[in-house]
Amino acid sequence: MKKSTMRITVVFIIFIAGVVGYYAYLSGRAKDTAAEAKMTAAQLVLSRDMQNDYPATVKEVVKYYTDIQKCFYNEECTDEEIEQLGMRARELYDADLLEINDADSNLLQLKAEIASFKNDKKRMTSVSVAKSVNVDTFTEDGYDFARIQCTYNVVAGGSSTPVSTIYLLRRDENRRWKIYGWDLAENVNPSE
């Protein structure tokens, strides 16, 4: 009887060791999968479904646009990612802005700006979009327009420089806010 008890104990220990080993194997595999699943900032921005999750407000449109810009200027993006991000940015543009900026020349200009920004060793450290209550809305020629200010902090050569930009958005026929244009805040006079 002692021999059979010993066999059962040995078989039971081998079984437990197998279960623990299999669990450890699965746990390690799950960690590897989780590590692979981490997305870059560009991949996160590109993962947004623009058909079903288009930014609903003026502030959200500009916030999403600045997320795209942060990828351009702060991340190490591949050419393919830059092109995809550039096309995503164009989805936020108004039809009139798209008409005067064809996709190919827009992409070439974008790549040149990104290269220049990085060659000058600049970095966008923060972006601040004005609060929704600070959105200036008005109607002109039957269209709804909105202005919102955005401030970028750009570091170059150890010093930080705030750059304020005013974005002008126009509501399209689907009631989506689209970027109509932008300029430096110092060049914009909203009373005109």
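Residues numbered from 1 in each chain as written. Predicted model: local features only at pLDDT ≥ 70, side-chain atom pairs only at ≥ 80, totals over all residues. Heavy atoms only, no water.

Engineer: How should I be thinking about the overall build of the protein in this particular structure?
Structural biologist: Secondary structure assignment for the protein yields 6 helices and 5 strands. In sequence order, the protein lays out its α and β elements as α-α-α-α-α-α-β-β-β-β-β. For 192 residues, the compact-globule estimate of 2.2 N^0.38 gives 16 Å, and the protein exceeds it by more than 25% at 26 Å. Taken over the C-alpha atoms alone, the protein extends approximately 100 × 40 × 35 Å along its principal axes. Each of the 192 residues in the protein was classed as buried or not, and the buried ones make up 29%. Long-range pairs, those at least 24 residues apart, make up 55% of the contacts in the protein between residues at least 6 apart in sequence. Working note: accessible area of the protein is about 12,800 Å², and carbon and sulfur atoms make up 54% of it. Each charge class in the protein can be summarised by its mean position, and for the 24 positive and 29 negative side chains these summaries are 16 Å apart. (Helix = DSSP H or I, 4+ residues; strand = E, 2+ residues; numbered from the N terminus. Rg over C-alpha atoms; globule rule 2.2 N^0.38 Å. Buried < 20%, exposed > 50% of the residue type's maximum accessible area, 1.4 Å probe, protein only. Contact = heavy atoms within 4.5 Å. Areas by Shrake-Rupley, 256 points an atom, 1.4 Å probe, with all protein chains shown as cover. Lys, Arg positive; Asp, Glu negative; His and termini not counted. Charge placed at Lys NZ, Arg CZ, Asp CG, Glu CD.)

Engineer: It is not clear to me how the nonpolar core should be interpreted in this structure. Could you clarify?
Structural biologist: A general feature of soluble globular proteins is that nonpolar side chains tend to end up buried together. L85, L92, I148, Y167, L169 and I179 are the most contacted members of the largest nonpolar core, which totals 37 residues. For this core, the secondary-structure elements that each account for two or more residues are α2 (41-46), α3 (58-74), α4 (79-90), α6 (103-119), β1 (122-129), β3 (143-156), β4 (159-171) and β5 (177-184). In terms of residue count, the dominant contributor to this core is α3 (9 residues). Excluding residues within four positions of it along the chain, L92 makes contact with M50, Y54, P55, V61, Y64, Y65, I68, K178 and I179. (Core = buried A, V, L, I, M, F, W, Y, C linked by side-chain atoms within 4.5 Å.)

Engineer: Please explain the pattern of salt bridges as it appears in this structure.
Structural biologist: Between side chains of opposite charge, a pair can form when the charged atoms approach closely. Scanning the model with the defined rule gives 9 salt bridges in all. Residue K70 pairs with D67 through a salt bridge whose shortest N-O separation is 3.4 Å. On the criterion of helical spacing, the pair formed by K70 and D67 is a turn pair, its members being 3 residues apart in helix α3. A salt bridge links R147 to D136; its shortest N-O distance comes to 2.5 Å. Of this pair, R147 sits in strand β3 while D136 sits in strand β2 (residues 136-140), placing them 11 residues apart in sequence. When its relative accessible area of 33% is taken as the criterion, D136 is described as partly exposed. Connected via shared salt-bridge partners are K63, D67 and K70. (Salt bridge = Lys/Arg side-chain N within 4 Å of Asp/Glu carboxyl O.)

Engineer: What is the right way to look at the side chain of E81 in this model?
Structural biologist: If you trace the backbone, E81 turns up in helix α4. Look at E81: it is buried, it has no salt bridge, and the nearest opposite charge is K118 at 9.1 Å.

Engineer: How should the packing of α3 against α4 be read in this particular structure?
Structural biologist: Relative placement of two packed helices is described by the angle separating their axes and the distance separating the axes. α4 packs onto α3 with a crossing angle of 160° between their chain directions and a minimal axis gap of 10 Å. Comparing their axes, α4 and α3 come out roughly antiparallel. Pair α3 / α4 crosses with left-handed handedness. Packed against α3, whose contacting residues are Y64, Y65, I68, C71 and F72, the element α4 presents I82, L85, G86, R88 and A89 at the interface. The residue inventory of the contact of α3 with α4, partitioned by class, reads 8 nonpolar, 1 polar and 1 charged. (Axes fitted to C-alpha atoms, helices over the stretch in contact; angles between N-to-C directions. Parallel < 35°, antiparallel > 145°, perpendicular 65-115°, else oblique. Left-handed = near helix turned anticlockwise from the far one by under 90°. Nonpolar A, V, L, I, M, F, W, Y, C, P; charged D, E, K, R; others polar.)

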